[in-house]
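Fold and geometry: a report
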Amino acid sequence: MDNAGYTLADLLRIMERLRDPEDGCPWDLQQDFQSIVPSTLEECYELAAAIEAGDYPHLADELGDVLFQVVFYAQLGQEQKLFSFESVVHGLSDKLLRRHPHVFADGEIEGVVDKTVAQAGVQLGTSTEGNVGSTAAVKEQWEAIKAKERAGRSQLGALDDVPVALPALPRAQKLQKRASRVGFDWKSAEPVWSKLDEELGELREAVARKNDEDMEDELGDLLFTVVNLSRHLRIDAETALRRASSKFERRFRAMEAQCAVQGQALEVLDSAAMELLWSDVKAAE
């Protein structure tokens, strides 16, 4: 069979065969929910890296790797009678229909919202669920619906379902965003600048005291405040830091390349020479 002709049903069967107790793959049979989490995170980051690099020819491969993770979890759930791939699809579809009433009238896949009525509701300031005329309104409605869902699960706290396992930067952003929705936030970026200066001063004091625990604590506060600033500037902190890391990597590699052309190693340069080379690389960009 041509590979392009394989279907989702084929993929599910392949996964089932890989986990067959008698004829399956020894490695796949050893895995459980916990053991494949690192692979899931790695595949998601590889997907993000391909998108950031504009490597679209390989994007389908990366998406396939991420899909495989979902199929693997679904197979484990099926074996333990916890859930199935079908229940995952059903739950996702139900959630998308529920959270997009401005697209799916009456929660039906083919239900079409009357855009004329919806827009009139927005202009009159009487917009309700389903009457959404802008990206900002969509986001507002999305959060309101999610809040209702959390209440239905008895998660009444604004921070109740923020995953602990999220990477630090996205988790800080999500915590701050949730707190902001209940009014615990600065009104603009201006006071955040003052808070940034305050936290930097407290970090300097902790460093002067040479107290490791205090230094870590104050550095955390400083980073948390930087994330807050990025949020008020409408900049994704994770994306900004990834770009900064990529820029550093690119310039550092350029320094190494220049040294190689001159027949010397980067590590033999003194601080002044390194700084000069760094400036040259920046200027060349």
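Computed from a predicted model, the values in this text were never measured in an experiment.

The grouping of E42, E46, D61 and D65 at the surface amounts to a negative patch. Among the secondary structure elements, those contributing two or more residues to the negative patch are α3 (37–52) and α4 (59–79). Looking at where E46 falls in the secondary structure, it is placed in helix α3. The partly exposed category is assigned to E46, whose relative accessible area is 30%.

What the rule picks out here adds up to 11 salt bridges. The salt bridge partner of E249 is R253, with a shortest N-O separation of 3.0 Å. Of this pair, E249 and R253 both sit in helix α11 (residues 237–261), four residues apart, which is roughly one turn of the helix. On the basis of relative accessible area, R253 is assigned to the exposed category, the value being 53%.

The subject of this paragraph is the nonpolar core. If you look at the biggest cluster of nonpolar residues, it comprises nine residues: M15, F33, I36, V71, F72, Y73, A74, L76 and F85. Top element by residues in this core is α4. It accounts for five residues. If we ignore the near neighbours within four places in the chain, the residues touching F72 are M15, R19, W27, D28, Q31 and I36. The next biggest cluster of nonpolar side chains, apart from the first, holds seven residues, and it includes L266, L277, W278 and V281.

On to unusual backbone geometry, then. Here K81, not a glycine, exhibits a phi torsion of approximately 55 degrees, which is positive. Mapped onto the elements, K81 comes out in the loop between α4 and α5 (85–99).

Aromatic rings considered in pairs are described by the distance between their centres and by the relative angle of their planes. Scanning the entire structure with this criterion turns up five aromatic pairs. An angle of 70 degrees between the planes, with centres 5.6 Å apart, marks the rings of F68 and F72 as edge-to-face. With F68 and F72 both in helix α4, this residue pair falls four residues apart, about one helical turn. Taking relative accessible area as the criterion, F72 reaches 1% and is therefore assigned buried. Here F248 and F252 contribute two aromatic rings whose centre-to-centre distance is 5.9 Å and whose plane-to-plane angle is 25 degrees, an arrangement assigned as stacked. Placement of both F248 and F252 in helix α11 is noted, with a separation of four residues, approximately one turn of the helix. When its relative accessible area of 31% is taken as the criterion, F252 is described as partly exposed. These aromatic residues form a ring-pair network of at least three members: F33, Y73 and F83.

Calculation notes
Residues numbered from 1 in each chain as written. Predicted model: local features only at pLDDT ≥ 70, side-chain atom pairs only at ≥ 80, totals over all residues. Heavy atoms only, no water. Patch = residues over 30% accessible without salt bridge, like charges linked within 9 Å, V, L, I, M, F, W, Y side chains within 5 Å. Areas by Shrake-Rupley, 256 points an atom, 1.4 Å probe, with all protein chains shown as cover. Salt bridge = Lys/Arg side-chain N within 4 Å of Asp/Glu carboxyl O. Lys, Arg positive; Asp, Glu negative; His and termini not counted. Charge placed at Lys NZ, Arg CZ, Asp CG, Glu CD. Helix = DSSP H or I, 4+ residues; strand = E, 2+ residues; numbered from the N terminus. Buried < 20%, exposed > 50% of the residue type's maximum accessible area, 1.4 Å probe, protein only. Core = buried A, V, L, I, M, F, W, Y, C linked by side-chain atoms within 4.5 Å. Contact = heavy atoms within 4.5 Å. Phe/Tyr/Trp six-rings, centres within 6.5 Å; stacked < 30°, edge-to-face > 60°.

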